[in-house]
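# Analysis of the macromolecular model
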Amino acid sequence: VDRDLVEAARNGDREAYVDLIRVRSDRLFAIAQRVLRDIDRAEDALQDALVIAWRDLRGLRDPDRFDAWLQRLLINVCIAQATRERRRTSNLRVLPIDGPAAPDDLLSVADRDQLDRGFRRLPPEQRAILVLHHYLGYTPSEIAETLGIPAGTARSRLHHAHRAMRAALEADARSSVREGRPA
Amino acid sequence: MTQQRDIESLLDLWLSDGPIVAPDRVIDVVADRIERQAQRPAWRFHLREIYVNTILRAGAAVAAIAIVAVIGFNLLPNSSNGVGGGPATNPPSSEPSPTLTAAPRTVACEDDLPGCAGPLQAGEHRSRNFGPKLIYTTPTGWTNAIDIADIYKLDPPEATTPYILIWTNVGIIESSNSCAPSARASPNSTVQEWIDFLMAHPGLHATDPVLVDIGGSKGQSIDVTASADRVKLCPGDPNVPLIARKTAPISEYGASAGSWLHLTILDVRGTTVLIEVYGPASASSSEFAAAVAAAQPVIDTFRFGCGPAVPRPCTQP
């Protein structure tokens, strides 16, 4: 059925396209929010990605690859937006936000804040890799397919992203100690 | 924290937390925006970014510099031969008489590309940006929808009728044994190289080529069909990539399964020009033949003058 909808949308059927994206918007929004760490920016990125997808839909070779194609497009939009945002805010320090703890108690508020700060220090490409792997559960091969990169490159980037995240957390811990924050 | 717990487990936990429902307005906003957003036409879709090797990148850079230099040279005063930098005296011009192409005005070009002439009156017209400069004659009702350095497009009066695309500075896409096409490094494949490529392509049905002479430029024409049952290069992929643009954005152009292409490939003073009549897969062979017959009289009027893509002295037709 989705293949039919994709083909109809490729032929200019706007209703078919809206039907296609309606059932995918939650998942895509969740991905965007996790890469960008901001609900408003995630909403903007999702809207932009869905409009670009409509515009370029005729370029999709295989309707069965619609989901991977759309996800890749969204990731690229998020990376572009995060890169722009990073330039604007590179001189700003992200402050911890006091918010309600998550339902589970496996991570403390301090842990979450520290992870958030560390994650925001990463280049957008590494954030995207981590979201694909840890949120969507993608293997390096699936990441490679989604991002259109060789599997070896995906494995290498994932490794570097983990290392960068660890380094970011350690740097955050050091600065927290200097500033008297709980690490 | 990182010393106490594994970083991967932490990321699993942390990323699982967060919003999982998109605001309802997202779909409403997108539905509204796509009402005003046309889809990119099939000819322009970027099937995928092609691999461009170092040689090709260098070649493209050199070509870009050459084009800029030639354009700049052409803009110098007292340019007399279309290449620029000529003597101070102005010899008699061999330019054709003034044409009916309107002065630049605001028209809706395809995909918002700038520079097209839009609807054409009956008479002679010439490209503004496409080079080598294309000079041609149409009856009323035709539209010039694209006029950029390497692509020129003519739409016939009936919107459903196959259109004419003219390409220059494009390369052959090699995709003989994988789903990953790559552009041939040669910046300007010859007419014969194109014909050999098309005839040998495992994803195409091709007719025997025919020798042609259009406006004094010699070449060959050939009909090809992207056949669904012969597209084995990349399972599930209904398109056959054929043409690689060399100018940014580097992209490729292909024929979708069942579509029809009538290609005329000309050698214009050393520059290869592809003239393509494209028919959608929905057209029958007889409909496509009729469309080619309707387009051919316009193609037969084509002449090529001097322009940025011909980096050598030439005489205006």
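Residues numbered from 1 in each chain as written. Chains lettered and ligands numbered in written order. Predicted model: local features only at pLDDT ≥ 70, side-chain atom pairs only at ≥ 80, totals over all residues. Heavy atoms only, no water.

## As for unusual backbone geometry
Most peptide bonds take the trans configuration, and most residues that are not glycine carry a negative phi. A cis amide bond links B:Gly131 to the next residue, B:Pro132, at an omega of 5 degrees. In this fold, B:Pro132 is placed in the loop between β2 (123-126) and β3 (134-138). Although it is not a glycine, A:Arg37 sits at a positive phi angle of roughly 60 degrees. At B:Arg269, a residue that is not glycine, the phi angle is positive and equals roughly 50 degrees. With respect to the helices and strands, B:Arg269 occurs in the loop between β14 (260-268) and β15 (271-279). (Helix = DSSP H or I, 4+ residues; strand = E, 2+ residues; numbered from the N terminus.)

## Brief notes about the side chain of A:Arg34
Inspection of the secondary structure puts A:Arg34 in helix α3 (residues 25-36). No salt bridge is formed by the buried A:Arg34. Its closest oppositely charged neighbour is B:Asp17, at 6.1 Å. At 3.1 Å, the side chain of A:Arg34 forms a polar contact with the backbone oxygen of B:Gly18. Among the polar contacts made by the side chain of A:Arg34, one reaches the main-chain carbonyl oxygen of B:Pro19 at a distance of 2.8 Å. Ignoring anything within four residues of it in the chain, the contact list for A:Arg34 reads A:Phe119, A:Val131, A:Tyr135, B:Leu15, B:Ser16, B:Asp17, B:Gly18, B:Pro19 and B:Ile20. (Buried < 20%, exposed > 50% of the residue type's maximum accessible area, 1.4 Å probe, protein only. Lys, Arg positive; Asp, Glu negative; His and termini not counted. Salt bridge = Lys/Arg side-chain N within 4 Å of Asp/Glu carboxyl O. Polar contact = N/O pair within 3.5 Å; in protein donor to acceptor, adjacent residues only side chain to side chain. Contact = heavy atoms within 4.5 Å.)

## A word on a negative patch on the surface
There is a patch of like negative charges on the surface, built from A:Asp13, A:Glu15, A:Asp19 and B:Glu35. Tracing the backbone through its elements, the reader meets A:Asp19 in helix α2 (residues 14-22). Judged by its relative accessible area of 41%, A:Asp19 falls in the partly exposed class. (Patch = residues over 30% accessible without salt bridge, like charges linked within 9 Å, V, L, I, M, F, W, Y side chains within 5 Å. Areas by Shrake-Rupley, 256 points an atom, 1.4 Å probe, with all protein chains shown as cover. Charge placed at Lys NZ, Arg CZ, Asp CG, Glu CD.)

## Regarding the confidence of the model for chain A
Regions with low pLDDT should not have their predicted coordinates read in detail. Looking at chain A, the pLDDT average stands at 81 and 81% of residues meet or exceed 70. Below a pLDDT of 50 lies the segment residues 88-104 of chain A, which in the model reaches 13 contacts outside its immediate sequence neighbourhood of four places, other chains included. (pLDDT = per-residue confidence, 0-100.)

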